[in-house]
Structures are given as C-alpha cells and as structure tokens.
Amino acid sequence: MSYHVLIVDDDPAICKLLSKVMISNEMDPLVVNSGAAALDVIARQSGTLDMILMDITLGDMEGFDVIQTIRRNGVTTPVIIISGRNEDYDFMYGLSLGADDYVTKPFRPQILGAKVKALIRRSKSFSQENSQQISCGPFLCDTTTMRFYKNNVELNLSEKERSLLLLFVRHPQQVFTKDMIYEQIWGNLIAVDDNAIMVYINRLRSKIEDNARTPQHIITIRGVGYRFVP
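Below you will find a few notes about this structure. Just so we're clear, the structure is a prediction, and the values are computed from it rather than from any experiment. (Residues numbered from 1 in each chain as written. Predicted model: local features only at pLDDT ≥ 70, side-chain atom pairs only at ≥ 80, totals over all residues. Heavy atoms only, no water.)

### Re the sheet that holds strand S10 (residues 175-177)
Then, in step 1: If you trace the three strands from one edge of the open sheet to the other, you get S10-S12-S11, paired in antiparallel fashion. Of all the strands in the sheet, the pair left with one neighbour each is S10 and strand S11 (218-221). Here the average twist between neighbouring strands, direction ignored, is 30°.
Then, in step 2: Across the face of the sheet, helix H7 (residues 178-186) comes into contact with S10 and strand S12 (225-228) while running at roughly 80° to S10.
Then, in step 3: Sheet contacts for helix H8 (residues 194-208): S11 and S12; angle to S11, the most-contacted strand, approximately 145°. (Pairing = 2+ DSSP bridges. Helix = DSSP H or I, 4+ residues; strand = E, 2+ residues; numbered from the N terminus. Axes fitted to C-alpha atoms, helices over the stretch in contact; angles between N-to-C directions. Contact = heavy atoms within 4.5 Å.)

So, in structure tokens, the structure goes:
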C-alpha cells in the first residue's frame, strides 16, 4: 500500500529532497509551493492524504496559518512541520496549533522517513480497530471512526489530542508518568521534551474542560504525571 504525503514548501531543492525521501520509503508525494495551494488540496483530498509535511515560511502565508485553518475545519491528518526556524517559540507554537511533530532543517532523511512511517502507522492503527464505543463519564469514543464526544457534542481534536484522550478514557483514574505517555503516544523513535507534553495536555484541556484553568478531568499529579478523572 502506498501512502499519500502532501509536501508544502516553496524551496524547490527541499521539495525535491523530501519527494526523494518519501519515494524511497514507498510513499506517494504531492508537492505544492504555497499556503493557498495547500489549503485547496487539503479541502479536496483530506480523505486520501496520510501525512502533511509543512514548512513555516511560505510566500503567501505562514505554515502556522495553514495548520490552524485545517485543524479548525476538523482535518485530523497528521502534520509534521519541517522548518529552518529552530526557536523554542516556533516549536511550541506549532505543537499548540495541532502539529504532531517539528523537524528542523537540515534533517537526516532516514530519520525523517522513519518518523513519517511511525506517525502514519499510529494514525492508521486507530481505524483498524474493531468497532467499539468506549463510554467514560461524559465522554464517548467511537474507536472505529476515532470520533470523540462530550455530553453528546462532538469534540474537534487533532491526531495527538485524540491519541491522548483515547489513552485516558481507556484507563480512567490511572496515573500516567510522562515517560509512559511518551511511549504510548509517540513511541521510542521520537524524542519529546516535557514542555511538548504540557502543550498537548493544555490544548486537550482547552477542548474538554469547562474551565481549563481549573481542570476537573485531566489532573496534574505534581512531580509524577497526569490522572484522568471522568
């Protein structure tokens, strides 16, 4: 099976390199050079895209704007930002908008290929599960469609937010250390620091809590990790 990867970058040399990396990993790359073109393709083909590789600095808009728009529109296709900007602010901001990983240029092609395949496998594994609904307090998860609801209202979650919430609703009241979350959500291939975990937790809280500043569901266990309370 060939996976479909959308490459969004206005540098022809980078596009060529990324295309080679994807082809060498038996994936089918589609290249666009602007944010507007990316939004058009995603709007028409989001159901067939398995991965989006997104540069930040585009000619017509920032890649951040593209990510924010597609996540607002309910597109959950995994996104890896690939950028020459290596400031912590850019990294944390990209994750807060719903990106699944952030890779700085220059990158190691073999490592990038492995990350893309690992993230796609995790995304696809959800849809391969048997049809099942998990009810946990006010939350309901359909593991076939990976759609989540709170009080019968659907939640608009990114790929990583869905992975986190699924982990929590499957194990209510269990305390998860940060290392446990790393292993369950990212696997051993991808190194994620404590700040990145906090970004995803805070973003998920903003979508499932009545008041994210005083969370009632995702409880911080200081010095240990997090516990999910239905």
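### With respect to the pairing of S12
Then, in step 1: In this sheet, S12 lies alongside S10 in antiparallel orientation, the contact comprising three bridges. When the sheet's bridge partners are listed, Thr177 is paired in S12 with Gly225.
Then, in step 2: Hairpin connection between S11 and S12: a loop of three residues separates the two successive antiparallel strands, and Gly223 in this loop has a positive phi of roughly 80°.

### Regarding the packing of aromatic side chains
Then, in step 1: Going through the model one piece at a time under the given rule, you end up with six aromatic pairs.
Then, in step 2: Residues Phe91 and Tyr102 carry aromatic rings whose centres are separated by 5.6 Å and whose planes lie at 65° to one another, so their mutual orientation is edge-to-face. Of the two residues, Phe91 is situated in helix H4 (residues 88-97) and Tyr102 in strand S5 (residues 101-104); the sequence distance between them amounts to 11 residues.
Then, in step 3: Residues Phe168 and Phe176 carry aromatic rings whose centres are separated by 6.1 Å and whose planes lie at 65° to one another, so their mutual orientation is edge-to-face. Both residues of the pair, Phe168 and Phe176, belong to the buried class.
Then, in step 4: In this structure an aromatic cluster arises from ring pairing among Phe139, Phe168, Phe176 and Phe228. (Phe/Tyr/Trp six-rings, centres within 6.5 Å; stacked < 30°, edge-to-face > 60°. Buried < 20%, exposed > 50% of the residue type's maximum accessible area, 1.4 Å probe, protein only.)

### Some points on the nonpolar core
Then, in step 1: Leu165, Phe168 and Phe228 are the most contacted members of the largest nonpolar core, which totals 52 residues.
Then, in step 2: With seven residues, the top contributor of residues to this core is H8.
Then, in step 3: Each residue touching Leu165, except ones within four places of it in the same chain, is listed here: Phe148, Leu155, Leu157, Leu204, Ile208 and Phe228.
Then, in step 4: In this structure, Leu18, Leu53, Val103 and Ile120 belong to the second largest nonpolar core, which totals 18 residues. (Core = buried A, V, L, I, M, F, W, Y, C linked by side-chain atoms within 4.5 Å.)

### What to know about the environment of Met22
Then, in step 1: If you trace the backbone, Met22 turns up in helix H1 (residues 12-24).
Then, in step 2: The exposure class of Met22 is buried, given its relative accessible area of 0%.
Then, in step 3: Remark: the alpha-carbon pair of Met22 and Lys117, spanning 95 residues in sequence, is separated by 9.5 Å.

### A look at the pattern of salt bridges
Then, in step 1: The full count for this structure, using the stated rule, is 13 salt bridges.
Then, in step 2: Between Lys105 and Asp55 there is a salt bridge, and its shortest N-O distance comes to 3.6 Å. On the criterion of sequence distance, the pair formed by Lys105 in the loop between S5 and helix H5 (109-127) and Asp55 in the loop between strand S3 (51-54) and helix H3 (63-72) is long-range, its members being 50 residues apart.
Then, in step 3: Note on Asp55: relative accessible area 5%, which makes it buried.
Then, in step 4: Its salt-bridge partner being Lys150, residue Asp210 comes within 3.4 Å of it at the nearest N-O pair. One end of the pair, Asp210, is in the loop between H8 and S11; the other, Lys150, is in strand S8 (residues 147-150), and 60 residues separate them in sequence. (Salt bridge = Lys/Arg side-chain N within 4 Å of Asp/Glu carboxyl O.)

Scope: geometric values only; no functional claims are made or implied.
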